[in-house]
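Listed here are the chains, written in short residue letters.
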Amino acid sequence: MSAIRRNEPCHCGSGRRYKDCHGKLGAAPPPGAQALIDRALAAHQQGRIDEAERGYREALAIEPGHAVPTHYLGLIAWQRGDLAAAERQMRAGIDANAGIPDFHNNLALLHREMRRTDEAIAGFRKALAVDPTWFAAYNNLGLALETAGRWDEAILAYREAIARDARFAAAYQNLARALLTRGDFTSAWPVYRWRLLAQGVAPGAPDAQARPLPASLSLRRFALLSEQGLGDVLFFLRFAPELVRRGARLAFRGDARLHAMLERTGLFPLGLAETAAAAPGLEPLHVGDLPWLLEANDPARFPPPLALVPQAERVARLASVLESRGPAPYIALTWRGGVAAAGPTGTQLKEIDPEMLGEALRGIRATWLSVQRHPRAGEREKLAASLAPAPAGTCSSSCPTRPSGVGSSRPGARRGSPPCACIARIRPATGPPHCAGCARRLLRRQDPDRVDRLALAAHLEMQLHLVGVGRAHLRDLLALAHFLLLLHEELVVVRVSR
C-alpha cells in the first residue's frame, strides 16, 4: 500500500484528514483491512448492519476488490431488500475469489428467494464442488430441489447431508417431510421425530431405543403435548381416540383456543391446560409423534378428523358474518407458514406465491377468505386479483348463458357482440377469456391433482400433509376450513364477483 499523504482522508473512514487523525504524532496506526473485516463481521453477526456496512467499505478503501467485504455488502443489500444490488455484489465477490463455498451458497440462497430455482440448484452444486463435505449446502440443495418438484433428488441430498453430520436435525426434518410427500410413511415417521430437536423443543436427538406403543395401554396416563400450529395439532389429534381405545387416559397441553371443543370430545378426562403447564404423574407424548407411536403407515387407514363441535352461539355469530360477505361455499386460504426473516437465515418458510395459488383456483365458485397471519403488503390484493374472473369479453356462441340482444360496450368486447350473462370467468393459458359456461369444459380438461396440490399446500392444515392430493382429501380439508374460520376473530374476505 502506498504511503498516505498528510492531507488525504484517513483510511480509518473517520472523514478527517490523515494528519488530524491517525497521522498525528504518537497516534496508533489505522487498522488494516483484515482487522476492519473482522470487526465488521462481528457487528454483522450481532445485527448492527449500519456499523458492519461502514466496516466493509473502510476495508475496501484500503484493499479495493477484496472478496469478503464485497460479498458481505451483497448480504446487507439483500437484508435491506435490494435484491439486484445484492446479486451484483455477490457475483463480484465470486469473481474476486471463487474458492470460498459460502459465496456460492449465499448467492444460491438469493436465487432461491428470487424464484430462480435452476440457478439456485446450480449454485448449491458449485458450493459443494468447492467443499464436498459441507453438510448445510446439501440441505439447501435439497430444499431447492423440492421447489423444483424433484423430490427423489431432494431426498438423496438430505441423506447426503445426514451422512456428513449424523446430528444435523434440520436435514432429518426436511427428509421426513420429503418422504411424507412421496407417501413413504414407514420411513418418514421415525425420521420425523427429529423435528423436536430441529425446532428447539427437545434438547437432544430422539431416543434410539424408543419403540412404538403396545396394543394394550391399560392404566397408562398420557399428556398430549402440542408443539406445532393449530392445523397440525388438529391433524395429529385424530390419533387420540386410538390411545383411548387401547385403554389410556389422556390430558392435553396446548393452545387454549382448542380447550372448550376438545373438552366436549370426552377424550381428555385428565384435563386441558396451556402448553407450558406442568403435567405431574403423566407420561408426555408430543402429538406429532402419535403416527409413529401407533405405527400409522397406511394413509388409507388413517382415522377421520376429530368430530369437534364449536360453541353454537359462536357458530351463529360467525355464520352471520360469512353470509354478509358472500354466498357459500366459503374457503379459507393461507399461503405461508413458518417464520420469515430477512436475508439468508436458517429458518424454513413454507409458502406458495399468492398469485400462483389464485391462478390455480380461479374458476372455482366460492367466497374466498384470507386467514393468513401477518400478510405482507399487497399480498391479499395480488391473491384477489389472481382469483378474480377475467374481464368480460366475447364467449363461445355455444355458451348456455349467452343472451341474445344488443351489442356490448364493455371494454374488451368486440363491437356488436352480445355480452355474456355470466360474470365469473377464468382465463385459459392461451386465447381469449372464457365465460363460466365455456370454462366448465376447460376445467374438466385441466389436471385436477395440480389444483389440489396447490390448494392444499396453502391450507392451514397443510403445514405437513402434502401427501393427500386426492380430491376426496381436498373435500375433507375444505370442510375443516369452516371450523378453522371459527378460531379467528377477524376474517378478511377475498370477494370474487359472480
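(A) Broad picture of helix α1 (residues 33-45). Spanning 13 residues, α1 covers 18 Å between terminal C-alpha atoms, matching the ideal 18 Å at 1.5 Å per step. When we look at burial in α1, the residues that qualify are A33, L36, I37, A40, A43 and H44. Mapping the buried residues of α1 onto a view down its axis gives an arc of 125°, with all of them on the same face. Turned more than 90 degrees away from the buried face of α1 sit R39 and Q45, all of them exposed. Packed against the buried residues of α1 are α2 (49-62) and α3 (67-79). Following α1 by one or two positions, G47 adopts a phi angle in the positive range, close to 85°.

(B) Inspection of the environment of L36 at higher detail. Position of L36 among the secondary structure elements: in helix α1. The class of L36 is buried, set by a relative accessible area of 4%. Here the alpha-carbon distance between L36 and A52, two residues 16 residues apart in the chain, equals 9.3 Å.

(C) Just the pattern of salt bridges, in detail. All told, the structure shown has 21 salt bridges when counted by the stated rule. We note a salt bridge from E227 to R195, for which the minimum N-O separation is 2.8 Å. Here the residue E227 occupies a position in the loop between β1 (221-225) and α12 (230-236), and R195 occupies one in helix α11 (residues 195-198), the gap between them amounting to 32 residues. Classification of R195 by relative accessible area gives buried; the value is 0%. For D289, the salt bridge identified is with R195, shortest N-O distance 2.9 Å. With D289 in the loop between β4 (283-286) and α15 (290-293) and R195 in helix α11, the pair connects residues that are 94 residues apart, well separated along the chain.

Rules used in this analysis
Residues numbered from 1 in each chain as written. Predicted model: local features only at pLDDT ≥ 70, side-chain atom pairs only at ≥ 80, totals over all residues. Heavy atoms only, no water. Helix = DSSP H or I, 4+ residues; strand = E, 2+ residues; numbered from the N terminus. Expected span 1.5 Å × (residues − 1). Buried < 20%, exposed > 50% of the residue type's maximum accessible area, 1.4 Å probe, protein only. Arc of directions from axis to C-beta. Contact = heavy atoms within 4.5 Å. Salt bridge = Lys/Arg side-chain N within 4 Å of Asp/Glu carboxyl O.

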